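The lines below spell out each chain.
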Amino acid sequence: METFKMLTLTGLIVTAPALALANVGLGDKLGTSEAEIRATLEAQGYQIEEIEFEDGEIEVELSKDGVETELVLTETNGEVTAIEIEKDDD
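Remember, it's a predicted structure, so these values are computed and weren't measured experimentally.

**Some details on the sheet that holds strand S1 (residues 47–54)**
Here's step 1: Taking strand neighbours across the sheet as the criterion, the four strands line up as S1-S2-S3-S4 in an open arrangement whose pairing is antiparallel. Looking at the sheet topology across the chains shown, the edges are occupied by S1 and strand S4 (80–85). Along the sheet, successive strands turn relative to each other by an average axial angle of 15 degrees, direction set aside.
Here's step 2: Relative to strand S2 (residues 57–64), S1 is paired through seven bridges, and the arrangement is antiparallel.

See the structure below:
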């Protein structure tokens, strides 16, 4: 039983940093209005650069901890369908 506790604790310590960075994932529903999307993402520590509604999709440009990301959401239910991390080509 003690070994099981140690393995569980070790697993949590190893995976905690990855879980902390994975605030938004595919399939998450963030809202369908600019206010809902902005509130949901800002509560997770993101800075919103731009939100655009076009062609049945919502495109959100955001950043957190120096990483710029673009999300694509469905306009009907606000579900995340794509995540693209912007890479610096410097």
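**Re the side chain of Ser-63**
Here's step 1: With respect to the secondary-structure elements, Ser-63 resides in strand S2.
Here's step 2: Within polar-contact distance, the side chain of Ser-63 engages the side chain of Glu-49 at 3.2 Å.
Here's step 3: If sequence neighbours within four positions are ignored, Ser-63 has contacts with Gly-45, Tyr-46, Gln-47, Glu-49 and Glu-68.

**A few points about the pattern of salt bridges**
Here's step 1: Counted according to the given criterion, the structure contains two salt bridges.
Here's step 2: Where Arg-38 meets Glu-34, a salt bridge forms, and the shortest distance between an N and an O atom there is 3.0 Å. With Arg-38 and Glu-34 both in helix H2 (residues 34–43) and four residues apart, the pair spans about one turn of that helix.
Here's step 3: The exposure class of Glu-34 is partly exposed, given its relative accessible area of 37%.
Here's step 4: With its nearest N and O atoms 3.8 Å apart, the salt bridge here joins Arg-38 to Glu-42. One end of the pair, Arg-38, and the other, Glu-42, are both in helix H2, four residues apart, so they sit about a helical turn from each other.
Here's step 5: Because the salt bridges share partners, they merge into one network encompassing Glu-34, Arg-38 and Glu-42.

**Some points on a negative patch on the surface**
Here's step 1: Together, Glu-49, Glu-50, Glu-61, Glu-68, Glu-84 and Glu-86 make up a negatively charged patch on the protein surface.
Here's step 2: The topology assignment puts Glu-50 in strand S1.
Here's step 3: Of the residues examined, Glu-50 reaches a relative accessible area of 33% and is grouped as partly exposed.

**What about the pairing of S2?**
Here's step 1: Between S1 and the antiparallel strand that follows it, S2, lie two residues; Asp-55 among them carries a positive phi value of about 50 degrees.
Here's step 2: Taken together, the eight bridges between S2 and strand S3 (residues 67–74) define a ladder with antiparallel strand orientation. Within the sheet, the bridge partner assigned to Val-60 lies in S3 and is Leu-71.

**Let's talk about a nonpolar patch on the surface**
Here's step 1: A cluster of nonpolar side chains, namely Leu-26, Val-67, Ile-83 and Ile-85, defines an oily patch on the protein surface of about 360 Å² accessible area.
Here's step 2: Among the structural elements, Leu-26 can be located in the loop between helix H1 (2–21) and H2.
Here's step 3: Residue classification places Leu-26 among the exposed residues on the basis of a relative accessible area of 59%.

Thresholds applied
- Here the residue index of a chain counts from 1 through its sequence in written order.
- Where totals are concerned, whole chains, interfaces and linings use all residues; where local detail is concerned, this predicted model gives features only for residues with pLDDT of at least 70, and gives and counts side-chain atom pairs only at 80 or more.
- As a convention, hydrogens and water are excluded, and side-chain values are obtained from all of the structure's heavy atoms.
- Here, strands pair whenever DSSP counts at least two bridges between them.
- For the purposes of this entry, the term helix denotes a DSSP run of H or I that reaches at least four residues, the term strand denotes a run of E that reaches at least two, and both are numbered from the N terminus.
- Helix axes are fitted to C-alpha atoms over the stretch in contact, other axes to C-alpha atoms as well, and angles between N-to-C directions run from 0 to 180 degrees.
- Under the rule applied, a polar contact is a pair of N or O atoms within 3.5 Å (in protein, one hydrogen donor and one hydrogen acceptor; residues adjacent in sequence only if both atoms are side-chain atoms).
- What makes two residues a contact is simply this: any of their non-hydrogen atoms within 4.5 Å.
- Just to be clear on terms, a salt bridge is a Lys or Arg side-chain nitrogen sitting within 4 Å of an Asp or Glu carboxyl oxygen.
- In this scheme, a residue with accessible area under 20% of its type's maximum is buried, one over 50% is exposed, and one in between is partly exposed, where area comes from a 1.4 Å probe on protein chains only.
- Patch definition: residues with relative accessible area over 30% and no salt bridge; like charges joined within 9 Å; nonpolar side chains (Val, Leu, Ile, Met, Phe, Trp, Tyr) joined within 5 Å.
- In these tables, accessible area is a Shrake-Rupley quantity obtained with a 1.4 Å probe, and a residue counts as shielded only by the protein chains included in the view.
- In summary, the charge assignment counts Lys and Arg as positive and Asp and Glu as negative, without counting His or the chain termini.
- We put the charge of a Lys on NZ, of an Arg on CZ, of an Asp on CG and of a Glu on CD.

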